[in-house]
Number of protein chains: 2
Amino acid sequence: MTARSHRPTIKEVALRAGVSPMTVSRTLSGGLNVKPDVQERVLAAVAELGYHRNENARSIRPGHSSGLIGVAITNIANPYYSTFALGVEEEAALTGRRILLGNTSEDAARENALVSDFLGRRVEGLIVVPASAEPDHLAASQKQGVPVVLASRRVEGLDADSVVLADDEGAHRGTIALIDGGHTRIGYLGNTLAIFTGRRRHAGFVRALEERGLRLDASLVAAGPQTVEQAREATRALLRMKNPPTAIFCANNRNAIGAIKEISTQIGAGLKPATAYPEIMSFDDFELAELSPVPISVIDHDPRELGRTAARLLLDRLDADGDGGPMREIELPVELRTHLR
Amino acid sequence: MTARSHRPTIKEVALRAGVSPMTVSRTLSGGLNVKPDVQERVLAAVAELGYHRNENARSIRPGHSSGLIGVAITNIANPYYSTFALGVEEEAALTGRRILLGNTSEDAARENALVSDFLGRRVEGLIVVPASAEPDHLAASQKQGVPVVLASRRVEGLDADSVVLADDEGAHRGTIALIDGGHTRIGYLGNTLAIFTGRRRHAGFVRALEERGLRLDASLVAAGPQTVEQAREATRALLRMKNPPTAIFCANNRNAIGAIKEISTQIGAGLKPATAYPEIMSFDDFELAELSPVPISVIDHDPRELGRTAARLLLDRLDADGDGGPMREIELPVELRTHLR
DNA sequence: CTGTTAGCGCATTCAG
DNA sequence: CTGAATGCGCTAACAG
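Residues numbered from 1 in each chain as written. Chains lettered and ligands numbered in written order. Predicted model: local features only at pLDDT ≥ 70, side-chain atom pairs only at ≥ 80, totals over all residues. Heavy atoms only, no water.

*Asks:* Sorry, what's going on with the overall build of chain A here?
*Replies:* The helix and strand inventory of chain A stands at twelve helices and twelve strands. The C-alpha atoms of chain A give 26 Å as radius of gyration, which overshoots the globular expectation for 341 residues (20 Å, by more than 25%). Taken along its principal axes, the extent of the C-alpha atoms in chain A is 85 × 50 × 35 Å. A burial count over chain A gives 55% of its 341 residues as buried. Across chain A, the 40 positively charged side chains and the 43 negatively charged ones have centroids separated by 5 Å. (Helix = DSSP H or I, 4+ residues; strand = E, 2+ residues; numbered from the N terminus. Rg over C-alpha atoms; globule rule 2.2 N^0.38 Å. Buried < 20%, exposed > 50% of the residue type's maximum accessible area, 1.4 Å probe, protein only. Lys, Arg positive; Asp, Glu negative; His and termini not counted. Charge placed at Lys NZ, Arg CZ, Asp CG, Glu CD.)

As structure tokens, then:
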């Protein structure tokens, strides 16, 4: 069987139905001013040929848009972001739009290339979890009339719609809960401060310490681990200290999972009882958190809703006739859930 | 600030650079037969205007294609499938192609609509984790010269490239390991047999029982649970039996996680010691599996590689001049990893 | 109710 | 080395 690469065009449908291309076009756009029986003939031809209207050809015509939304995410494989993507996809699908998904791997250059590519494909808008602190490529998109919505992280110097979490408040509340639970030596594992959420969550952590009159011990702070493995190493270092922390604040799920894995391994080795290990506070809930071998609390939130909200911000702007009004900065609430275990 | 929705065209670049559109086009396509200084002028104009070649306009011209791959997945939020999507994205990006991602929610109608939409957008090919047992819409795609690659599941009656796991063999080996570990009453939690993987994994399970001379006890088999919550309920039912299983074979991560959660909860309630609960065999590894409160083994595999392989199958066919040869059916190996815990 | 003309942005073909 | 003409698939705008 040879793969006949033939996608029928409107002309072929017209020929087969014995009408002009315009009649086909009209029929496919709702059938206004086309006799019912002619419509039937057209639709029959469409079905027989398996015709699909070429949206790309359609979109180059004035007034028409591509129905595409460019989504750039730092790491699709992270359940947090994939759930976010699901939220975006669902909301976009409600308006018949599709998403063009790209993974940036937390790499600014890749984000640049991706945005550029998306613009070439004439996306109507961009939803970005920025890997780059550099606003130029996104500003360029806006200048072309392609709105940008930032999700999870903001970019300094870019006036764009955004939806982020209550990072500072969440980290603050979580840390206060630890302190009020009796902890005075609290470790910190999180992203580098170069990243928006890393900075804000760290700030909330520090603010809580100050508020309770605890001094910040730099040797307890690891602002850097990105992967579970790196988090394990950082945890190992904390546990090796002569005076280890009695609790660890983990600024995201990668770090919390790394900490738990390391603690679990060490408990399994049997050197010290489980109670000798630090308790965990995790910014991000995650599956099986309740199996932690040490007490764990989470600062929970809803990535799917984050995605939906980002999409709605964008769609609102796309549907707005004029400039769509001032930028909107949304902060989604988080929920402290103590001692899942 | 008004959102000037102006995307510059090749004409405007030409005007600004003082050349014809063709010279711009040539410059952007590699610059063959364009004087270096002219190229510079063109590129300067491109940069100043923030011009991006309109790929949609480009793709309607004969010979050119969209550079788009349609990916339809049953559930993006499932870490297994999001990692799969990452693999597809990476491999597609290597050839400059992008993915159009759609979620089917295990819904055949949605899959139909999605495929139809993808064809309208002139995707070069389709990568599908089929939610539907019905081959017609996918066959239609092939007939138009848009190749289809099935991933994880095959569709009966559809002659398409596919990459799936060694479901039967994996389930068989896992079950044999349980039996040889002394278990004679083994529970089963998995997808409905209407789903390809559900059917195959169940078959491997049954085959192992037969091989070892154990009879299949229907009351121990739950072929249906799709979500963690449903899996918990099914587990609860198994544990309530007068003669409960001493091991449970879980045909996917949703079911394994549900089982573990339920067992963990019951152990926490303190009615029976942990050793009184069934051990787990999970088809699919998952994060924190090693924290299971009961011994657990997994049939591991690599969803990212599954994605990469699916993409490569598709790209091979796209790059092939002729019909690309016979369909290829790949079965990726799985690895039994016993007693992570 | 239906068909013709024209043009969206781009690049192949053919003249210079 | 550069430009003009032409047509990709589609649909407003304008006849009829």
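*Asks:* Would you take a moment to explain the protein's contact with DNA strand D for this structure?
*Replies:* Around DNA strand D, the structure places 25 residues, and the nearest of them are Ile10, Tyr51 and Arg58 of chain A together with Thr23 and Arg61 of chain B. At the protein interface, 68% of the atoms of DNA strand D within 4 Å belong to sugar or phosphate. Between a phosphate oxygen of DNA strand D and a side-chain N or O atom of Tyr51 of chain A, the distance comes to 2.4 Å. Interatomic distance of 2.7 Å between a backbone N/O atom of Lys35 of chain B and a phosphate oxygen of DNA strand D. If you list the elements that add at least two residues to the surface near DNA strand D, you get α1 (10-17), α2 (21-28) and α4 (55-59) of chain A together with α2 (21-28) of chain B. The biggest single contributor to the surface near DNA strand D is α2 of chain B, with three residues. (Near = heavy atom within 4 Å. Polar contact = N/O pair within 3.5 Å; in protein donor to acceptor, adjacent residues only side chain to side chain.)

*Asks:* Could you clarify how one ought to interpret the sheet that holds strand β1 (residues 68-73) of chain A in this entry?
*Replies:* Within a beta sheet, neighbouring strands are joined by backbone hydrogen bonds and run either parallel or antiparallel to one another. On the basis of which strands lie adjacent, the open sheet formed by twelve strands has the order β11(A)-β5(A)-β4(A)-β3(A)-β1(A)-β2(A)-β2(B)-β1(B)-β3(B)-β4(B)-β5(B)-β11(B) and mixed pairing. The open sheet terminates on both sides in strands that have one partner only, identified here as β11 (329-332) of chain A together with β11 (329-332) of chain B. Sheet twist, expressed as the mean angle between neighbouring strand axes with direction ignored, is 20°. Examined bridge by bridge, strand β3 (residues 125-128) of chain A and strand β4 (residues 148-151) of chain A share three bridges and lie parallel to one another. When the sheet's bridge partners are listed, Val128 of chain A is paired in β4 of chain A with Leu150 of chain A. The sheet strands contacting helix α5 (residues 79-94) of chain B are β2 (98-103) of chain A together with β1 (68-73), β2 (98-103), β3 (125-128), β4 (148-151) and β5 (161-165) of chain B, and the helix crosses β2 of chain B at an angle near 160°. (Pairing = 2+ DSSP bridges. Axes fitted to C-alpha atoms, helices over the stretch in contact; angles between N-to-C directions. Contact = heavy atoms within 4.5 Å.)

*Asks:* What am I meant to see in the nonpolar core here?
*Replies:* The tendency in soluble globular proteins is for nonpolar side chains to be buried as a group. One finds Phe84, Ile127 and Phe249 of chain A together with Phe84, Ile127 and Phe249 of chain B to be the most contacted residues of the largest nonpolar core, which totals 88 residues. Leaving out residues up to four positions away in the same chain, Phe249 of chain B has contacts with Ala171, Thr175, Ile186, Gly187, Tyr188, Leu189, Phe205, Met281, Phe283 and Ile299 of chain B. Membership of the second largest hydrophobic core comes to 47 residues, among which are Ile248 of chain A together with Met241, Tyr277 and Val298 of chain B. (Core = buried A, V, L, I, M, F, W, Y, C linked by side-chain atoms within 4.5 Å.)

Interpretation in functional terms is not warranted from these geometric data alone.
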